[in-house]
Amino acid sequence: MRIIAGKHRGRVLAQFRGMQVRPTSDRVKESFFQILGIKLQDARVLDLFCGSGALGLEALSRGAKEAVFNDLSPDSLSICKKNVAALGERGTMYNLDFRTCLARVTGKFDIVFADPPYAMDVAAETLSLLARRDLLAEQGVVVWESEREESAPDGWTTVDRRSYGRTKIFFFARQV
């Protein structure tokens, strides 16, 4: 697992051993970061199920100004902290359930990365919490990774959808 582009291009990240964690592949990351493009410049990013922190760190490498990392697993957050330090970056870290994290964070995010364990069926709930707390910036987007088909709940729209084998990426935005 590595940073694909930007100021940290090519840097290798610490990662998990074993099969319990499923990091986003470089191919999938490259694709959706190309789609995000200019939205990354000076963006405030939330990596809600951060694991190793690879998505938030890729965003920082490509020009995001701030990243907030959250994961329920202390092991995941430990690896994320190592990766943030190894790249000389900073980020706010939370070791919370996603619901508690969304209740606690403040301000608006330009990009929210949501890559929960595939067994979790929480897209509608997560989007509802983001909307209720008004955490997404006006032109903000939620990048959702799943192996199942997800649909945008009321008040949201799917602005893009990509499929890479069993991995599906959805780009959700608030309806105006």
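That block above? That's the structure.
Scope of this entry: the structure provided in the associated data block.

Cut-offs and rules
Residues numbered from 1 in each chain as written. Predicted model: local features only at pLDDT ≥ 70, side-chain atom pairs only at ≥ 80, totals over all residues. Heavy atoms only, no water. Helix = DSSP H or I, 4+ residues; strand = E, 2+ residues; numbered from the N terminus. Buried < 20%, exposed > 50% of the residue type's maximum accessible area, 1.4 Å probe, protein only. Contact = heavy atoms within 4.5 Å. Areas by Shrake-Rupley, 256 points an atom, 1.4 Å probe, with all protein chains shown as cover. Lys, Arg positive; Asp, Glu negative; His and termini not counted. Charge placed at Lys NZ, Arg CZ, Asp CG, Glu CD. Core = buried A, V, L, I, M, F, W, Y, C linked by side-chain atoms within 4.5 Å. Phe/Tyr/Trp six-rings, centres within 6.5 Å; stacked < 30°, edge-to-face > 60°. Lys NZ or Arg CZ within 6 Å of the ring centre and 35° of its normal. Pairing = 2+ DSSP bridges. Right-handed = clockwise from strand over helix to strand, strands pointing away.

### Quick notes on the overall build of the protein chain
When you go through the protein chain residue by residue, the secondary structure sums to five helices and seven strands. Mapped from its N terminus to its C terminus, the protein chain presents α and β elements in the order α-β-α-β-α-β-α-β-α-β-β-β. Taken across its 176 residues, the protein chain has 49% of its residues classed as buried. When contacts within the protein chain are restricted to residue pairs at least 6 apart in sequence, those whose partners lie at least 24 apart make up 63%. Accessible surface for the protein chain amounts to roughly 8,600 Å². Of this, 48% is attributable to carbon and sulfur atoms. Charge centroids of the protein chain, computed over 26 positive and 22 negative side chains, lie 4 Å from each other.

### Brief notes about the environment of Asn83
Of note, Asn83 is situated in helix α3 (residues 74-86). Between the C-alpha atoms of Asn83 and Gln15, which are 68 residues apart in sequence, the distance is 8.8 Å. Contacts of Asn83, omitting those with residues within four sequence positions, involve Leu13, Ala14, Ser52 and Leu57.

### Brief notes about the nonpolar core
Counting 30 residues, the largest nonpolar core has Phe32, Leu36, Ile111 and Phe113 as its most contacted members. By residue number, the principal contributor to this core is helix α2 (residues 54-61), which donates five residues. Excluding residues that lie within four positions of it along the chain, Ile111 makes contacts with Leu36, Lys39, Leu40, Ala43, Arg44, Val45, Leu46, Val141 and Val143. Formed by 24 residues, the second largest nonpolar core is a distinct cluster that contains Leu48, Phe98, Phe109 and Phe172.

### Some points on the packing of aromatic side chains
One pass over the full model with this rule turns up six aromatic pairs. An aromatic cluster is defined as three or more aromatic residues linked by ring pairs; in this entry it consists of Phe32, Phe33 and Phe113. When the ring centre of Phe109 is taken as origin, the NZ or CZ atom of Arg44, which lies over that ring, is 4.1 Å away. Here the basic side chain of Arg174 rests over the ring of Trp156, its NZ or CZ set 5.4 Å away from the ring centre.

### What to know about the pairing of strand β5 (residues 136-146)
Burial runs high along β5: nine of the eleven residues are buried. Across five bridges, the pairing between strand β4 (residues 109-114) and β5 is parallel. The partner of Phe113 across the bridge, within β5, is Val143. Taking the sense of rotation as the criterion, the β-α-β connection linking β4, helix α5 (residues 123-132) and β5 turns out right-handed. Bridging between β5 and strand β7 (residues 167-174) involves five bridges; their strand directions are antiparallel. Counted as the bridge partner of Val142 is Phe172 from β7.

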